[in-house]
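# Summary of structural features
Here is how the chains run, residue by residue.
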Amino acid sequence: EGILYIGYNNSLLNLNGLSSLDSIGSYITIERNDALQNLDGLENVTTLNGYLNIDWNQSLQHINGLNNLTSIAEHLKISKNNALQNLSGLSKVTNIGKYINISENQNLQNIGGLDSLSTIEEYINISQNQNLLSLNGFHNLLSIDEHLSIWGNNTLLNLNGLENITTIGGDLWIAGNNALQSIDELESLSSIGANLDIKGNPNLQSCCIVLEWDQAVEGLITIENNDADCNSLDNISNYCINSSTIS
């Protein structure tokens, strides 16, 4: 029981001395370990009764040391780990009790590793991951109880990986993704419990799916500063009807 805090160790390379741990009663925070390259040594941890924070570890290349973790009772936050390329070490996690925040990981290319999740009880924030190419790790996700925000991911081209989400309990916010071309991958979404904001995505041109959400959005709809064909509901309607891309 208790907590595991590993922070501000500038020469720490790995966590091999922790191999006897199998569960953590409260939380794990691993932050500001500039030389840490992996999380090897945590392979026997299967359950976490609190949260998991992995922040500001500039040399961290992978988190495969967590490959037997199945449950996080509270939140998952992974941010500012500039060498991290994927989340494959989380592939056995089936439950995250609160929210997911994946942000400012400058070399993160995909979300692969979260494939076993089907629901999130709070929110998901995916933001400012400047080399993120894919959200495919979320392809089993069906519902998010609060909001979904995807913003400031400058190389993300589409929302592949989110095609099975049916319900978002709060806001859906898609903004400032400079390369994003399509959101039509949200084809199963039938309920948005609050506001819909799609703005500041200058290359977004495939968003006919929005016309199918007319009765799904319970709050305000804001669509602006995207490509001309996806810059307002009128623009979307004219483009999609004229090109016969919806029935």
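It should be noted that the structure appears before, not after, this text.
To start, this report covers the structure provided alongside it. (Residues numbered from 1 in each chain as written. Predicted model: local features only at pLDDT ≥ 70, side-chain atom pairs only at ≥ 80, totals over all residues. Heavy atoms only, no water.)

## Regarding the sheet that holds strand 8 (residues 95–96)
- Read from one edge to the other, the open sheet built from four strands follows the order 2-4-6-8, with strand pairing classed as parallel. Here the strands that pair on one side only, and so sit at the sheet edges, are strand 2 (23–24) and strand 8.
- In terms of strand pairing, strand 2 meets strand 4 (residues 47–48) through two bridges, oriented parallel. Residue pairing in the sheet places Ser23 in a bridge with Thr47 of strand 4. (Pairing = 2+ DSSP bridges. Helix = DSSP H or I, 4+ residues; strand = E, 2+ residues; numbered from the N terminus.)

## Considering the sheet that holds strand 16 (residues 191–192)
- The strand order across the open sheet formed by four strands is 10-12-14-16, and the pairing between neighbours is parallel. Either end of the sheet is taken by a strand with one partner, and the two such strands are strand 10 (119–120) and strand 16.
- Pairing of strand 10 with strand 12 (residues 143–144) involves two bridges; the strand directions are parallel. Its bridge partner being in strand 12, Ile120 is matched across the sheet by Ile144.

## With respect to unusual backbone geometry
- For Trp56, which is not a glycine, the phi torsion comes out positive at approximately 60°.
- Here Trp56 is to be found in the loop between strand 5 (52–55) and strand 6 (71–72).

## Brief notes about the state of the cysteines
- Overall, the coordinates contain two disulfides when judged by the stated rule.
- Disulfide pairing places Cys207 opposite Cys230 at an S-S distance of 1.9 Å. Of this pair, Cys207 sits in the loop between strand 17 (196–199) and strand 18 (221–224) while Cys230 sits in the loop between strand 18 and helix 1 (233–242); the two residues are 23 residues apart in sequence, bridging distant segments of the chain.
- A relative accessible area of 1% places Cys207 in the buried class.
- Relative accessible area serves as the criterion here: at 0%, Cys230 is assigned to the buried category.
- Here Cys208 connects covalently by a disulfide to Cys240, the sulfurs 2.0 Å from one another. Taking the sign of the torsion about the S-S bond as the criterion, the disulfide between Cys208 and Cys240, at about -95°, is left-handed. Separated by 32 residues along the polypeptide, Cys208 in the loop between strand 17 and strand 18 and Cys240 in helix 1 bring together distant segments of the chain. Judged on exposure class, the residue Cys208 and its partner Cys240 are both buried. (Disulfide = S-S within 2.5 Å. Buried < 20%, exposed > 50% of the residue type's maximum accessible area, 1.4 Å probe, protein only.)

The values reported here are purely geometric and, on their own, carry no functional implication.
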